[in-house]
Amino acid sequence: MVTAMGAGVLVWRPCRDREARAPRAAVAMLLLASASVWAGSFAVVIHAIGGSPGLGGSFLAACGDVLRSLLTGGSGWWQSALLIGWVVLLPGRALWRTRTEILATRGLMARVRLSARGTSQGHRDPAGDPLRRGARPPVVVPDLGTPALTLGVLRPTVAVDAGFWVQADTTDRSVVLAHEQGHQRGRHGLVGLATHFLTAGLAPLRCATETRDCVRRHL
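Residue numbers run consecutively from 1 along every chain, following the written order of its sequence. Totals for whole chains, interfaces and linings use all residues, but because this is a predicted model, local features are given only for residues with pLDDT of at least 70 and pairs of side-chain atoms are given and counted only at 80 or more. To get the side-chain values, take all heavy atoms of the structure and skip hydrogens and water.

### Regarding the confidence of the model for the protein
The predicted model of the protein has a mean per-residue pLDDT of 83, with 87% of residues at 70 or higher. Across the protein, the secondary-structure element scoring lowest on mean pLDDT is helix α3 (residues 59-71), at 76, and the one scoring highest is helix α7 (residues 188-202), at 94. Low pLDDT, under 50, characterises residues 120-125; the stretch is placed with 14 contacts to residues that sit more than four places away or in other chains. The pLDDT value expresses, per residue, how confident the predictor is, ranging between 0 and 100. Strands here are runs of E lasting at least two residues and helices are runs of H or I lasting at least four, both read from the DSSP assignment and numbered beginning at the N terminus. The criterion used for residue contact is that any of the two residues' heavy atoms lie within 4.5 Å.

### Section: the layout of surface pockets
Cavities and pockets are defined on a 1 Å grid built over the protein atoms alone: a cavity is a set of grid points where a 1.4 Å probe fits but cannot escape, while a pocket is an open set with protein on both sides within 12 Å along at least five of seven lines, and lining residues are those with an atom within 4 Å of any such point. Grid points are joined across faces, edges and corners, and a volume is the space filled by probe spheres set on the points. Considering only enclosed or pocket space, the largest pocket measures out at about 880 Å³ in volume. Around the largest pocket, the lining is made up of 29 residues, and of these Glu101, Thr150, His188, Gly189 and Gly192 lie nearest the centre. Within the residue set of the lining of the largest pocket, elements represented by two or more residues are α4 (77-117), β2 (148-151), α6 (170-185), α7 and α8 (206-218). Residue type decides the class: Asp, Glu, Lys and Arg count as charged, Ala, Val, Leu, Ile, Met, Phe, Trp, Tyr, Cys and Pro as nonpolar, and the leftover types, Gly among them, as polar. Residues of the lining of the largest pocket, tallied by class, amount to 11 nonpolar, 10 polar and 8 charged. What the second largest pocket holds in volume is close to 200 Å³. Around the second largest pocket sit Pro23, Arg24, Val27, Gly182, Gly186, His188, Val191, His218 and Leu219, which together line it. If you list the elements that add at least two residues to the lining of the second largest pocket, you get α2 (23-50) and α7. Broken down by element, the residue count for the lining of the second largest pocket peaks at 3 residues, all from α2. By residue class, the composition of the lining of the second largest pocket is 4 nonpolar, 4 polar and 1 charged.

### Some remarks on the sheet that holds strand β1 (residues 139-141)
Note: two strands are recorded as paired if DSSP finds a minimum of 2 bridges between them. Strand order in the open sheet made by the 3 strands is β1-β3-β2, with mixed pairing throughout. With one partner strand each, in any of the chains shown, β1 and β2 form the two edges of the open sheet. Averaged over neighbouring strand pairs, the angle between their axes works out to 30 degrees when direction is ignored. Here 4 bridges tie β2 to strand β3 (residues 157-161), and the two strands are oriented antiparallel to one another. Residue pairing in the sheet places Leu151 in a bridge with Thr157 of β3. Lines fitted to C-alpha atoms define the axes here, with helix axes fitted over just the stretch in contact, and angles between the N-to-C directions of these axes take values from 0 to 180 degrees. Along the sheet, α6 contacts β2 and β3; its crossing angle with β2, the most-contacted strand, is approximately 15 degrees.

### Notes on the packing of aromatic side chains
Ring pairs are drawn from Phe, Tyr and Trp, using the six-membered ring of Trp, whenever the two centres fall within 6.5 Å, and their geometry is named by plane angle: stacked under 30 degrees, edge-to-face over 60, tilted for the rest. Taken as a whole and judged by the stated rule, the model has 4 aromatic pairs. Between Trp38 and Trp86, the aromatic rings sit 6.3 Å apart at their centres with planes inclined by 85 degrees, giving edge-to-face as the arrangement. Here the residue Trp38 occupies a position in helix α2, and Trp86 occupies one in helix α4, the gap between them amounting to 48 residues. Relative accessibility under 20% of the residue-type maximum defines a buried residue, over 50% an exposed one, and the middle range a partly exposed one, all with a 1.4 Å probe and only protein chains included. Judged by its relative accessible area of 15%, Trp86 is buried. Among the aromatic residues, those joined into a cluster by ring pairs are Trp38, Phe42, Trp86 and Phe197. Definition used: whenever NZ (Lys) or CZ (Arg) falls within 6 Å of the ring centre and also within 35 degrees of the ring normal, the charge is taken to sit over that ring. Between the NZ or CZ atom of Arg99 and the centre of the ring of Trp96, over which it lies, the distance is 5.3 Å.

### Observations concerning the state of the cysteines
We call a pair of cysteine sulfur atoms a disulfide whenever their separation is within 2.5 Å. As enumerated under the stated definition, the model contains 0 disulfides in all. In this structure Cys214 is not part of a disulfide, and its nearest cysteine sulfur, from Cys15, lies 3.5 Å away. For Cys214, a relative accessible area of 0% gives the class buried.

### So, the pattern of salt bridges
Note on definitions: salt bridges are taken to be side-chain nitrogens of Lys or Arg within 4 Å of carboxyl oxygens of Asp or Glu. For the structure shown, the criterion picks out 3 salt bridges. Arg13 is the salt-bridge partner of Glu210, the closest N and O atoms lying 2.9 Å from each other. Of this pair, Glu210 sits in helix α8 while Arg13 is found in the loop between α1 (2-12) and α2, placing the two residues 197 residues apart along the sequence. Where Glu210 meets Arg206, a salt bridge forms, and the shortest distance between an N and an O atom there is 2.8 Å. Of this pair, Glu210 and Arg206 both sit in helix α8, 4 residues apart, which is roughly one turn of the helix. Among the charged side chains, a network of salt bridges with common partners joins Arg13, Arg206 and Glu210.

Here it is in structure tokens:
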């Protein structure tokens, strides 16, 4: 039931009809629905391998029984294959794809750090205007490929494209910087990483890709 409810929300995605009306609620709903599919499908696997724990039992006890059975060789080949298949298809694939995403981000972060060492922006933004309180100064990066990006999870950094910043007027600079500082203050990098992990495990379902895009738009 948990799996069906979570999958139903991901397929339906009621927030797409009211995009940006309640972004925090939409993101929370989609992440919880994705996690529900994970938890529900794992429970189905445990139930198929070890049976129901009964009224007096618990799901954790059932997991312990299945683990002991696997370690002691008491499970059949199909039971082991079922559990290994779930691990490979969901957490295994999610970890692999998230690792690829992290490596790509780290490569871009290396460029940002290199640019930071080669510039002296101080604690003011490249346009010369004071930063918002508590915000770290952005880093100017040549040939960034986009006006600005927010990179990092624990200590997010705003990187701005040097060419854009030279050509943009004060209003454009303020809008772009405010947008990226919103990502920075909201720790959206952490939310995006969690979304990528949960949805990567559910690929190649179309709703998984659409859910990730929907969360990105709401962020």
